[in-house]
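Overview (structure and organization)
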Amino acid sequence: MNYPYSRPRRMRHDGFSRRLMREHVLTTNDLIYPVFVHEGTGRAPVPSMPGVERLSIDELLRVGEQALELGVPVLDLFGVPNPDAKTADGRIAWDEDGIIPRAIRALKSRFPELGVMSDQALDPYTTHGQDGLIDDSGYILNDETIEALIKQSLAHAAAGVDILS
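Here goes a summary of the coordinates provided.

Things to note about the overall build of the protein chain
Helix and strand content of the protein chain: 4 helices and 6 strands. The N-to-C order of helical and strand elements in the protein chain reads α-β-β-β-α-β-α-β-α-β. Taken along the three principal axes of its C-alpha coordinates, the protein chain extends 75 × 40 × 30 Å. The buried share of the protein chain, reckoned over its 165 residues, is 35%.

The structure is reproduced here in structure tokens:
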């Protein structure tokens, strides 16, 4: 028998199975570049993630330019505030002059065509490291946490973010 040795026509009979079995195409249009942005200068390695670095805003702009050149449509920003700025309520997360709003404004000013996504989370901004506000016993306060995340989302939106993650 000549090649091909089998002809799996049953897999091509219905539209749904043809769609499931067709070849996949992955391009830079499908990528989102995660970036950790810190208050410091230059680049700083993330010890728990070899090869990953935290970037200052000036370094972030270089990465944004490279992303556009490579065809990567979106950067996803994760904030790394100064440890001294952390509080139990994480209020630096919604400060309009916080690291992420400043990073968003810098990117959108320089590269308006670049998509910018920002992480909505409180754990980088709280002294206790929880992704929510807690009471004295360590219990997460859901309603207060939601209010804080809304404030953070509004601060990022006011700075010009395209996507909240």
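Quick look at the sheet that holds strand β1 (residues 32–38)
A sheet is described by the order of its strands in space; here 6 strands give the open sequence β2-β3-β1-β4-β5-β6, paired in mixed fashion. Strands at the two margins of the open sheet, each flanked by one partner only, are β2 (43–45) and β6 (163–164). Where helix α2 (residues 57–70) meets the sheet, its contacts fall on β1, β2, β3 (53–55) and β4 (74–80), and the angle it forms with β1 comes to roughly 170 degrees.

Here we look at the side chain of S153
The residue S153 is located in helix α4 (residues 142–159) in this model. On the basis of relative accessible area, S153 is assigned to the buried category, the value being 16%. Residues within four places of S153 in sequence aside, it is in contact with Q120 and L164.

Digging into the pattern of salt bridges
Counting across every chain of the model gives 9 salt bridges. Taking the shortest distance from any N to any O, the salt bridge between R62 and D58 comes out at 3.9 Å. In this pair, R62 and D58 are both assigned in helix α2, 4 residues apart and thus about one turn of the helix distant. When its relative accessible area of 42% is taken as the criterion, D58 is described as partly exposed. R62 is paired through a salt bridge with E59; the nearest N and O atoms lie 2.9 Å apart. Of this pair, R62 and E59 both sit in helix α2, 3 residues apart, which is roughly one turn of that helix. According to the relative accessible area criterion, R62 is partly exposed, its value standing at 43%.

Structural notes on the environment of D14
With respect to the element layout, D14 can be found in the segment before α1 (15–21). The exposure class of D14 is partly exposed, given its relative accessible area of 32%. Distance in space between the C-alpha atoms of D14 and L107 is 46 Å, their sequence separation being 93 residues.

Let's talk about the nonpolar core
With 28 residues, the main nonpolar core has V35, V37, L60, L75, L77 and L107 as its most contacted residues. At the level of secondary structure, the elements contributing two or more residues to this core comprise β1, α2, β4, α3 (99–110) and α4. The greatest single-element share of this core, amounting to 6 residues, is contributed by α3. Each residue touching L60, except ones within four places of it in the same chain, is listed here: V35, V37, L55, L75, L77, A103 and L107.

A short note on the pairing of β1
As paired strands, β1 and β4 are joined by 7 bridges and run parallel to one another. Residue pairing across strands places V37 opposite G79, the latter belonging to β4. By the bridge criterion, 2 bridges tie β1 to β3 in an arrangement that is parallel. Counterpart to F36 in the pairing with β3 is R54.

Thresholds, definitions, all that
- Residues numbered from 1 in each chain as written.
- Predicted model: local features only at pLDDT ≥ 70, side-chain atom pairs only at ≥ 80, totals over all residues.
- Heavy atoms only, no water.
- Helix = DSSP H or I, 4+ residues; strand = E, 2+ residues; numbered from the N terminus.
- Buried < 20%, exposed > 50% of the residue type's maximum accessible area, 1.4 Å probe, protein only.
- Pairing = 2+ DSSP bridges.
- Contact = heavy atoms within 4.5 Å.
- Axes fitted to C-alpha atoms, helices over the stretch in contact; angles between N-to-C directions.
- Salt bridge = Lys/Arg side-chain N within 4 Å of Asp/Glu carboxyl O.
- Core = buried A, V, L, I, M, F, W, Y, C linked by side-chain atoms within 4.5 Å.

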